[in-house]
Amino acid sequence: MTPPVSSLRPDLAAIARHVAPGSRVLDIGCGDGALMAELEAASGCDARGMELDGALVERCVSRGLSVVQGDANLDLANYPDKAFDYAILSQTLQTATRPDLILDELLRVGRRAFVSFPNFAHWRTRTALLFGGRMPVTRALPVSWYETQNIHHVTVEDFRDLARMKGATIERAWFFANGMEIGAPGANWRAEFAVFELSR
Amino acid sequence: MNVAPLSNVYHIPNPLPLDSGQVLEAAQIAYETYGELAPDKGNAVLVCHALTGDQYLASPHPITGKPGWWERMVGPGKPIDTNRHFVICANVIGSCMGSSGPASLAPDGAPYAMRFPVITIRDMVRGLVALLDGLGIDRLHAVVGGSMGGMQALSLAANWPERAARVLVIASTARHSAQNIAFHEVGRQAIMADPAWAEGDYYAADAKPDNGLAVARMAAHITYLSEAGLTEKFGRRLQDREAKGFGFDAEFQVESYLRYQGSGFTRRFDANSYLYITRAMDYFDIAEEHGGKLATAFAGTQARFCLVSFDTDWLYPTAESRHIVHALNAAGAKVSFVELSAPHGHDSFLLEHDQLDRVVKGFVE
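About the cut-offs
- Residues numbered from 1 in each chain as written.
- Chains lettered and ligands numbered in written order.
- Predicted model: local features only at pLDDT ≥ 70, side-chain atom pairs only at ≥ 80, totals over all residues.
- Helix = DSSP H or I, 4+ residues; strand = E, 2+ residues; numbered from the N terminus.
- Expected span 1.5 Å × (residues − 1).
- Buried ≥ 20, exposed ≤ 12 C-beta atoms within 10 Å, placed from the backbone.
- Contact = placed C-beta atoms within 7 Å.
- Pairing = 2+ DSSP bridges.
- Nonpolar A, V, L, I, M, F, W, Y, C, P; charged D, E, K, R; others polar.
- Axes fitted to C-alpha atoms, helices over the stretch in contact; angles between N-to-C directions.
- Parallel < 35°, antiparallel > 145°, perpendicular 65-115°, else oblique.
- Left-handed = near helix turned anticlockwise from the far one by under 90°.

Draft legend 1. Layout of helix α10 (residues 318–330) of chain B. Taking 1.5 Å per residue, 13 residues should reach 18 Å; α10 of chain B reaches 18 Å between its end C-alpha atoms and fits that length. Most of α10 of chain B is tucked away, with 10 of its 13 residues classed as buried. Taken residue by residue, α10 of chain B has Thr318, Glu320, Ser321, Arg322, Ile324, Val325, His326, Ala327, Leu328 and Asn329 of chain B as its buried positions. In this structure, the buried residues of α10 of chain B make contact with β3 (66–69) of chain A together with α9 (294–297), β11 (304–310) and β12 (334–340) of chain B. Positive phi appears at glycine 332 of chain B, one or two residues downstream of α10 of chain B, with a value of about 75°.

Draft legend 2. Here's a closer look at the pairing of strand β4 (residues 28–34) of chain B. Residue and element names in this part refer to chain B. Among the 7 residues that make up β4, 7 are buried, leaving the element largely enclosed by the rest of the structure. Residues of β4 alternate between two faces, with Gln28, Ala30, Glu32 and Tyr34 on one and Ile29, Tyr31 and Thr33 on the opposite face, all of them buried. Note that strand β1 (residues 8–11) and β4 share 4 bridges and pair antiparallel. Paired with valine 9 across the two strands is alanine 30, which belongs to β4. Two strands pair when backbone bridges link them, and β4 and strand β8 (residues 86–90) are joined in this way by 4 bridges, in the antiparallel orientation. Considered in β8, the bridge of threonine 33 is made with isoleucine 88.

Draft legend 3. Broad picture of the interface of chain B and chain A. Chain B puts 21 residues into the contact, and the matching count from chain A is 16 residues. Secondary-structure elements contributing two or more residues to the side of chain B that touches chain A are β11, α10, β12 and α11 (354–364) of chain B. Counting residues per element, the side of chain B that touches chain A draws most heavily on β12 of chain B, which supplies 7 residues. Tallied by class, residues from the side of chain B that touches chain A come to 9 nonpolar, 6 polar and 6 charged.

Draft legend 4. Summary view of unusual backbone geometry. Phi at asparagine 178 of chain A takes a positive value of approximately 50°, unusual for a residue other than glycine. Turning to its location among the elements, asparagine 178 of chain A is positioned in the loop between β6 (169–177) and β7 (180–182). Positive phi, close to 50°, is recorded for alanine 171 of chain B, a residue that is not glycine. Locating alanine 171 of chain B in the fold gives a position in the loop between β10 (166–170) and α3 (178–192). Residue classification places alanine 171 of chain B among the buried residues on the basis of 31 C-beta atoms within 10 Å.

Draft legend 5. View of helix α2 (residues 34–43) of chain A. Residue and element names in this part refer to chain A. Within the span of α2, buried status applies to Ala34, Leu35, Met36, Glu38 and Leu39. Where α2 is buried, its residues meet α1 (10–18), β1 (24–28), β2 (46–51) and β4 (84–90). Once α2 finishes, glycine 44 follows within two positions and takes phi at roughly 60°, a positive value.

Draft legend 6. Representation of the packing of α1 of chain A against α2 of chain A in the model. Residue and element names in this part refer to chain A. Where α1 contacts α2, the two axes come as close as 10 Å, and the packing angle between them is 25°. Considering their axes alone, α1 and α2 lie roughly parallel with respect to each other. Crossing hand, α1 versus α2: right-handed. Contact with α1, carried on its side by Leu12, Ile15 and Ala16, involves Ala34, Leu35, Glu38 and Leu39 of α2 and no other residues of that element. Here the contact of α1 with α2 is built from residues that sort into 6 nonpolar, no polar and 1 charged.

Draft legend 7. Summary view of the environment of glutamate 227 of chain B. Residues and elements named next belong to chain B. Turning to its location among the elements, glutamate 227 is positioned in helix α5 (residues 227–233). The class for glutamate 227 is exposed, based on 11 C-beta atoms found within 10 Å. The sequence separation of glutamate 227 and proline 343 amounts to 116 residues, and the corresponding C-alpha distance is 9.1 Å.

Draft legend 8. Layout of the pairing of β4 of chain A. Residue and element names in this part refer to chain A. Where burial is concerned, most of β4 is hidden: 6 out of the 7 residues are buried. When β1 meets β4, the two strands line up parallel, connected through 4 bridges. Pairing of leucine 26 across the sheet is with alanine 87, part of β4. Pairing analysis gives 6 bridges linking β4 to strand β5 (residues 110–118), with the strands arranged parallel. In the sheet register, leucine 89 faces β5, and the bridge partner there is valine 115.

If you want it as structure tokens, here you go:
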């Protein structure tokens, strides 16, 4: 296990560790720009961001990051093919109108893509649904079904299937539980979060 | 009108070529500066003014005595910090605050009036670039502008891409829409319908086309505000009266306000300049200048861009900024964009707005 980079969320830290220095990066759903700032400062990357929430965009721009207020469902279309070495979609896939189309766009604009998401097949989610009989509210998925932005819940195995269907190669994958990286075996049960690196 | 300019004046040494094919001989640019130019001349920020703006960015206006038009944004410790940056603001060609325009004297000693060549936004920027040459500034730390100022910033970035490292465009557009042109045409027709306009030849006359210019300003002023803003400020309240008068005085507060805006404007602005500058804005279409494709205008640019729009701005709505952002993305440019929420429509960029301050500071720093 590698120690986390700075104070980044574990999935972002994993991505930050594996982006080659000096790369051109597009972070889709970049939030407050924590990953972008890390990539620019520590790896000398040329990082660009896209974020839907105007207040977060303002925070990014006021810290000197290049972030566009935009909707991943609509605004990726304007980027040329392979404009970036990496396209990153962290914790956003499950909020997309059409995750499959977003994945296509990621693999179009980036030579490689990083995708991270909460794993709906984690044992906590399964037991909450199995025994509680209600949509799970867990540490990884803390918001009730009626107000969550997660409209397309996905599991590790679902994502592997989608990648296969899209003709994407899974280059690497990382899994996390309790804020720590865990091994791949049994990840569909054990992982709260997953990060995949893809190419096509 | 007709003020002895208090500003610095730069005499452009060479004839200025114009998009119309004409040239402007002996053109001059009036400008103000704030802060100190660094020895390496790397800290210059050019702020471009809007249609009826001028070079009095952060210092009192010599005619109205009012504070500079962006004093809340530019100054020591302000978002555009004059302790760090050398800030330049120049009156555009075609205007009337000391730079060459229709009120200036032609070589024959009489005012140009309508003999002044029709200019474009790019021609204004040619004048600004000439000024930068005169000041020995090869590359601006940033060019900044709102509304028509944003058009100049975009034009500089598209046509002189090596001249600015950062380009900040607020509440602006890459082209004038049919609606934009339509409103400007109302203004121009108001001026030209005023008998005192006299085909533009009024400089020696007692009467100026103030009535027409005031109406032009009133119509334009509405486009700078939002319906919600007008309702909040005036509603249907009456001005200095208890009941409707069944006449045509300025009975409503909003009428009185617009008349005040219109007449105040005529004290500081030349009607012919209004014709020329609105025409320049109407001609503005950066894509058209670059083979019809906006992304082509910015191909290969190394500058960083930031675009800001306001959700209640219906003059240059967010879609116009987004259109520019998409072109910049297609060109691979480094771009930021945010739509800010503000109740006051297009004019929001001139008003108190903490988020705007933070974005400007973060981007220009």
